[in-house]
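Remarks on the overall topology
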Amino acid sequence: MRINRHKKVHKCLNFFSNNFGFRKPFQVLIDGTLCYSALKNKVNIQDQLKNYLGVDVKLLTTKCVILETEMLGKHLCGAMLIVKQFAVHQCGHDSKPVPGSVCFESMIADNNPNRYIIATQDRELQEIARSSPGTPVLYLHKKTPTLEQPSKRSIEVAQERSALSNGLTKFDAENISNLKEEFGVKELETKRKKKKKGGPNPLSCKKPNKQKIHTVQQQNFETGKKRRRRIRIPDHVKAELFNK
Ligand SMILES: [Zn+2]
C-alpha cells in the first residue's frame, strides 16, 4: 500500500514538474486550517510532508494568514504558533490585510506563476485551487497528508500545451479534446493505461524441476565426452615413428 502511495505522489509531482515547471524544493503554502488540523491530530507538518512527498519542501505562509489566526484568538492559539514557524512570502496585502483564503487565491492567480502547492483544509479554497491550472492541492486526511491528483483544469491545460508544442492551434487542441470525449476515446485511453504489464504471477507458476535440469546437464557432459575423437595413427606411420 505504502509503495503504491509513493508511486502516486511521485507521478503527481512529475506531472506538475513536466507540465508546469515545478522544481525542488517544492513550495507549500500553508494556511491556518491545515495547522489547526495538524495540531488536533498531533502531526508534525515539516516531517510528515517531507516524508510523504519524498523531497525537500519549503513551508510557507503569508502575513494575512498569520494575522487571521491571531485575530481568531485563544481557539486558534496553537495553530497560530505553528503557522508562525514558516517562512513568510510577500502577498502584497501589507496595507490592507485580507482573509487567508482570499490572500491565497491572489497568490495562485494567473496560473500560479510562483508554483505553490496549496495546503488547506478549507473546502472552498481547495475548489478555487482546483480551478487554477497548475496548482496542486494538499490536505490532511486525519494524520495522513494527501496530495490530490491533478485537477481536471490542470490536465486540460497540460494537454492544450502539449498539443500546441506539436504544432496544433489552441482551437484544434480543444476540438480534438472535445471529440475524444464525445466518442469515448478518453475513456478507452484511461482504461488502456490501467492495464498492467508483466508476465504471469511467479507464485502461481510451477517451479522448474531441478533434477531434470541436472540430468540434462549430465547427459550433455557425457555426450560431450563421447564426441571427443581420437586420432588414429596408421600402423605404417607408427612403425616409422618408433623406428626413429
Ligand atoms: Zn495577503
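Here the structure is a predicted model, which means the values were calculated and not measured. (Residues numbered from 1 in each chain as written. Predicted model: local features only at pLDDT ≥ 70, side-chain atom pairs only at ≥ 80, totals over all residues. Heavy atoms only, no water.)

**A word on a nonpolar patch on the surface**
Let me state the cut-off plainly: Patch rule: a residue counts if its relative accessible area is over 30% and it has no salt bridge; like charges are joined within 9 Å, and nonpolar side chains (Val, Leu, Ile, Met, Phe, Trp, Tyr) within 5 Å. Per-residue and other accessible areas follow the Shrake-Rupley method at a 1.4 Å probe size, with only the shown protein chains counted as cover for residues. Take a side-chain nitrogen of Lys or Arg and a carboxyl oxygen of Asp or Glu: if they are within 4 Å of each other, that pair is a salt bridge. Runs of E in the DSSP output that reach at least two residues are strands. Runs of H or I that reach at least four are helices, and both are numbered from the N terminus.
A contiguous nonpolar patch, built from I233, V237 and L241 and spanning about 250 Å² of accessible area, is present on the exposed surface. Positionally, I233 belongs in the loop between helix 11 (210–227) and helix 12 (235–243).

**Quick look at unusual backbone geometry**
Heads up, the condition is: For every residue, the accessible area (1.4 Å probe, protein chains only) is compared with the maximum for its type, and the residue is labelled buried under 20%, exposed over 50%, or partly exposed between those bounds.
Note that the residue after K24, namely P25, is joined by a cis bond; omega there is -10 degrees. Among the structural elements, P25 can be located in the loop between helix 1 (2–20) and strand 1 (26–30). Even without being a glycine, K42 presents a positive backbone phi close to 55 degrees. With respect to the helices and strands, K42 occurs in the loop between helix 2 (32–40) and helix 3 (45–53). We classify K42 as exposed; its relative accessible area is 73%. Unlike most non-glycine residues, R115 shows phi in positive territory, near 55 degrees. Mapped onto the elements, R115 comes out in the loop between helix 6 (100–107) and strand 4 (116–119).

Shape is all these values report; function is a separate question.
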